[in-house]
Amino acid sequence: MTGRVEGKVAFITGAARGQGRSHAVRLAQEGADIIAIDVCRQLDRVPFPMSTPEDLAETADLVKAQGRRVVTAEVDVRDYDEMKAALDSGVEQLGRLDIVIANAGIGNEGGAMADLEEPLWDDMIAVNLTGVWKSVKAGIPHLVAAGGGAVVLTSSVGGLKAYPNVGHYIAAKHGVVGLMRTFAVELGYQNIRVNSVHPTHVSTDMLLNDGTYKLFRPDLENPGPDDMKPICQMFHTLPVPWVDPVDVSNAILFLVSDEARYLTGVALPVDAGSMLK
């Protein structure tokens, strides 16, 4: 089956690389034009290298290679006015908006909740929760103008259950579920569907970096991905350490397509059976 989002326009945050890039390319393969934004700079207190303008340009090239149009902007999802301006410009250029994928997120250092430093909490909530709210808020008028649409929020298995020492991340991702359900209730009468995806570990730069390797294998001097695989696999029922970005993209494609036309308020795990453990 092809053309599942033919002629539609999708707004994707955090699109410069990783899951966001994968979502942009996958929807473009199925006929969508893309409005892609990303912060494209290093944020304080994020311990791994973040996206660059070159990354966002590469995403644009990959979308164009599918024969689709793309508009990009370097925007921080914490800045509502900048994001709204970028989205409004994209809609003006591409003609409409049908899909919002609020994907942008960060990881930072953790610790027990009683000891967590306040700036780490503030950054996490600002990007991973408030930024999601702002992303959807900016898109709602355009979805209403189009007569309806589909929204997908990126949460995590950490939005459905708790893990120690990352309480700020868990709180943000649980909060995303609350946003999803509330938006679904408030927007349903306008034919706007709202769902969330809940990935387990995903093979992106947020997971596959030196800091994470050392976090998972502090017993080794120079751990790498192969050293981390057995630990990650323990989280899952299926015999895999992580999923790939396209696995999440395929779930999102289903949720925004007409195949899921009556699905709203759904929290969909893409988790290799992590929620069974």
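In this text, all values refer to a predicted model and were calculated from it rather than measured experimentally.

Student: Could you give an account of the pairing of strand β3 (residues 70-74), with specific residues and numbers?
Tutor: By the bridge criterion, five bridges tie strand β2 (residues 33-38) to β3 in an arrangement that is parallel. Within β3, the position partnered with isoleucine 35 by the bridge is valine 71. For the crossover from β2 across helix α2 (residues 53-64) to β3, the handedness is right-handed.

Student: Let's hear about helix α3 (residues 80-94): which residues, and what values?
Tutor: A rise of 1.5 Å per residue sets the reference length of α3, with its 15 residues, at 21 Å; its end C-alpha atoms lie 21 Å apart and thus fit the reference within 8%. The set of residues buried in α3 consists of Met83, Ala86, Leu87, Gly90, Val91 and Leu94. Angularly, the buried residues of α3 cover 135° about the axis, an arc narrow enough to put them on a single face. Those residues of α3 that are exposed and aimed more than 90 degrees away from the buried face are Asp81 and Glu92. On its buried face, α3 is in contact with β1 (9-13), β2, β3 and α4 (118-145). Two residues or fewer past α3, glycine 95 is found with a positive phi of approximately 100°.

Student: Report on the side chain of asparagine 103, specifying residues and quantitative values.
Tutor: For asparagine 103, the location among the structural elements is in the loop between β4 (99-102) and α4. A polar atom in the side chain of asparagine 103 sits 3.2 Å from the backbone oxygen of glycine 14. Here asparagine 103 is in contact with Thr13, Gly14, Gln19, Gly20, His23 and Thr154, once residues within four sequence places are set aside.

Student: An account of the pairing of strand β6 (residues 192-199) is requested, with residue identities and associated values reported.
Tutor: The buried fraction of β6 amounts to eight of the eight residues, a majority that puts the element mostly inside the structure. Every second residue of β6 is oriented toward a common face, with Ile192, Val194, Ser196 and His198 on one face and Arg193, Asn195, Val197 and Pro199 on the other, all of them buried. In this structure, strand β5 (residues 149-154) lies alongside β6, joined through six bridges in parallel fashion. Looking at β6, one finds that valine 152 is bridged to asparagine 195.

Cut-offs applied
Residues numbered from 1 in each chain as written. Predicted model: local features only at pLDDT ≥ 70, side-chain atom pairs only at ≥ 80, totals over all residues. Heavy atoms only, no water. Pairing = 2+ DSSP bridges. Helix = DSSP H or I, 4+ residues; strand = E, 2+ residues; numbered from the N terminus. Right-handed = clockwise from strand over helix to strand, strands pointing away. Expected span 1.5 Å × (residues − 1). Buried < 20%, exposed > 50% of the residue type's maximum accessible area, 1.4 Å probe, protein only. Arc of directions from axis to C-beta. Contact = heavy atoms within 4.5 Å. Polar contact = N/O pair within 3.5 Å; in protein donor to acceptor, adjacent residues only side chain to side chain.

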